[in-house]
Amino acid sequence: HVDLTTMNDQVSDNENDGTVKQIAIGNNLGNGIRIASIQELGPGGSWSTCANGCHLDPPQDVAHIQFRSRIAFKLVWVPNKNFDMFVLVDDDGNELARGKPTGQLPHIRQRQMNYQIISGSK
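Residue numbers here run from 1 along each chain, matching the order of that chain's written sequence. In keeping with the predicted nature of the model, local features appear solely for residues at pLDDT of at least 70, side-chain atom pairs appear and are counted solely at 80 or more, and the whole-chain, interface and lining totals rest on all residues. The side-chain numbers reported here are obtained from all heavy atoms of the structure, hydrogens and water having been left aside.

A. Layout of helix 3 (residues 108–118). Under the scheme applied here, a residue whose accessible area is under 20% of the maximum for its type counts as buried, over 50% as exposed, and between as partly exposed, the area being computed with a 1.4 Å probe on protein chains only. Put simply, DSSP marks the helices as runs of H or I at least four residues long and the strands as runs of E at least two long, and each gets a number from the N terminus on. Along helix 3, the positions that sit buried rather than exposed are Arg-111, Asn-114 and Ile-118. Projected down its long axis, helix 3 shows its buried positions confined to an angular sector of 55 degrees, all on one face. Phi turns positive, to about 95 degrees, at Gly-120, one or two residues after helix 3. What the arc describes is the spread of directions from the helix axis to the C-beta atoms.

B. Expanded view of the packing of aromatic side chains. For Phe, Tyr and Trp, where Trp contributes only its six-membered ring, two rings pair if their centres lie within 6.5 Å, and the inter-plane angle classes them as stacked under 30 degrees, edge-to-face over 60, or tilted in between. A full pass over the atoms with the stated rule returns two aromatic pairs. Relative to Phe-86, the ring of Trp-77 lies with its centre 5.9 Å away and its plane at 75 degrees, an arrangement referred to as edge-to-face. Classification of Trp-77 by relative accessible area gives buried; the value is 9%. For Phe-86, a relative accessible area of 18% corresponds to the buried category. On the numbers, 6.3 Å between centres and 65 degrees between planes, the contact of Phe-83 with Tyr-115 is edge-to-face. Of this pair, Phe-83 sits in the loop between strand 3 (71–77) and strand 4 (86–89) while Tyr-115 is found in helix 3, placing the two residues 32 residues apart along the sequence. Tyr-115 gets classed as partly exposed once you look at its relative accessible area, which sits at 29%. Remark: a charge is flagged as sitting over a ring if the NZ atom of Lys or the CZ atom of Arg is within 6 Å of the ring centre and within 35 degrees of the ring normal. Above the ring of Trp-77, the side-chain terminus of Arg-111 is found at 5.6 Å from the ring centroid.

Written as structure tokens, this is what we have:
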């Protein structure tokens, strides 16, 4: 789950009808989104979704299809020798930030798969 998508109350109960591939039919996240949202900040909120289908044009991922939303940012692991750096990009692929985390990272295979799934998308 590397896509941070904005949410509004009208779509948080949307379910996957099978259009988004490789995720559960249904994928009902509405209650979790409401529980995790900070009401004092106003209606809606944000949610981290999977990037499956982001490489298609137009994108066919959870953010764009199930929640009819653009992403605020996507985390992409950089394909250097150890895949130990990342960039955050917006929905158009523009770089917003980059970093090199410390501590325990996800397994290198997960970081490589992240890059492969996203490679070729905008």
